[in-house]
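# Breakdown of the fold
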Amino acid sequence: MKLEAVLNNVSCQLKEVGIENSRHEARLILSHILGLSKEKIFLEKSLKVSKKDLEDVSRVTEMRCARKPLSKIKNVKEFWSLDFFVNEDVLDPRPDSEILIEAVTGRINDKNQNISVLELGVGSGCLVVTLLHLFENAKAVATDISLNACQVARKNAKMHGVSDRLEVCQMSWGSSLDGKFDVIISNPPYISLNDKNALQPEVHYDPSIALYGGDDGLDCYRSLAPDIRRLLSCDGFAVLEIGDDQEKDVEGIFAQEGLKVLEIKKDLSLKNRCLIVQLKE
Ligand code: GLN
């Protein structure tokens, strides 16, 4: 069977189950299975696809039709132009979370500074590993309550050559830590349980523990606030991802713990997505 025909076929199947940009997604599937660049998939329309590759294409298409994201099928997701290993134990890195990295680079101009970083709820490690990649003299500690997520974060640190500067510890937020950090970063689970049914089907392939923050989605901020208060250095700052319309509530929770919001940053859809906080004087 020729590539063009396979592409049409896959694209139709994806479209039938309501997947948007089905042709683009079909190209991504073929590019993954055939090991060809997306450009090549465009150009090599009459390339003959082998029986073995056809079988693999149909296996992956079936998984994608069941709304498993391609990242979780390939076990790779790009974040900040770096490839991260992902599996069912970690939240897929989202493009919107890149704003958290920008929040840090926007406040620390000198990339050679030897800052200490703490990530609470590390998941795949995309945030802390990207920061260590950008700040070559930085050192970091990262925690996650999930042992499996800790292992994924360590794997990604190794892949990007920063594991000698990262310690990953299994614990709830910062519960067993002491010391002070210049930068604390976190993308905690903040989706309200009431919104569970409104999520894109693909999101259900992320671990629930990384998505839901209790009835109002704010449980994690209540737990994080005292840890941030205790572990943030007096001239440091913390960067947190927040859910839709949570900025006022989170600001209130933090204010009670002696933390003040310095800045709110918007995501790619211009929603308030990131709070930068520091200790009150
Ligand atoms: N931003 C993710 C989503 O809406 C949720 C991630 C999180 O809860 N931190 O799918």
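Details of the structure are given in the entry above.
Residues numbered from 1 in each chain as written. Predicted model: local features only at pLDDT ≥ 70, side-chain atom pairs only at ≥ 80, totals over all residues. Heavy atoms only, no water.

Now for the environment of Gln 151. Topologically, Gln 151 is positioned in helix H8 (residues 147-159). Of the residues examined, Gln 151 reaches a relative accessible area of 43% and is grouped as partly exposed. Expressed as a C-alpha distance, the spacing of Gln 151 and Cys 169, which sit 18 residues apart in the sequence, is 9.7 Å. (Helix = DSSP H or I, 4+ residues; strand = E, 2+ residues; numbered from the N terminus. Buried < 20%, exposed > 50% of the residue type's maximum accessible area, 1.4 Å probe, protein only.)

So, on to the site of the ligand. Near the ligand you find Leu 91, Arg 94, Asn 187, Pro 188, Pro 189, Tyr 190, Ile 191, Ala 210, Leu 211 and Glu 241, and these make up its full shell. Arg 94 places a polar side-chain atom, nitrogen or oxygen, 2.8 Å from an oxygen atom of the ligand. In the complex, 84% of the free accessible area of the ligand, which totals 300 Å², lies under the protein chains. (Near = heavy atom within 4 Å. Polar contact = N/O pair within 3.5 Å; in protein donor to acceptor, adjacent residues only side chain to side chain. Areas by Shrake-Rupley, 256 points an atom, 1.4 Å probe, with all protein chains shown as cover.)

Next up on the list: the pattern of salt bridges. Enumeration over the complete set of coordinates arrives at 17 salt bridges. A salt bridge links Lys 72 to Asp 92; the shortest N-O distance between them is 3.1 Å. With Lys 72 in helix H5 (residues 70-74) and Asp 92 in the loop between strand E2 (82-85) and helix H6 (98-105), the pair connects residues that are 20 residues apart, well separated along the chain. Residues Arg 222 and Asp 219 are paired through a salt bridge, measuring 2.8 Å at the closest nitrogen-oxygen approach. Of this pair, Arg 222 and Asp 219 both sit in helix H9 (residues 219-231), 3 residues apart, which is roughly one turn of the helix. Each of Glu 25, Arg 64, Arg 67 and Glu 202 takes part in one network of salt bridges that share partners. (Salt bridge = Lys/Arg side-chain N within 4 Å of Asp/Glu carboxyl O.)

Counting 35 residues, the largest nonpolar core has Val 104, Val 128, Phe 135, Leu 166 and Val 239 as the members making the most contacts within it. With 7 residues, helix H7 (residues 126-134) is the single largest residue contributor to this core. Within the second largest apolar cluster, 34 residues are counted, among which are Met 171, Leu 177, Ala 238 and Ile 253. (Core = buried A, V, L, I, M, F, W, Y, C linked by side-chain atoms within 4.5 Å.)

With that out of the way, let us pick up helix H2 (residues 22-34). Here H2 spans 18 Å end to end across 13 residues, near enough to the 18 Å set by a 1.5 Å rise per residue. Among the residues of H2, Ser 22, Glu 25, Ala 26, Arg 27, Ile 29, Leu 30, Ser 31, Ile 33 and Leu 34 are the ones counted as buried. Where H2 is buried, its residues touch helix H1 (3-16), helix H3 (38-43), helix H4 (51-65) and H5. (Expected span 1.5 Å × (residues − 1). Contact = heavy atoms within 4.5 Å.)

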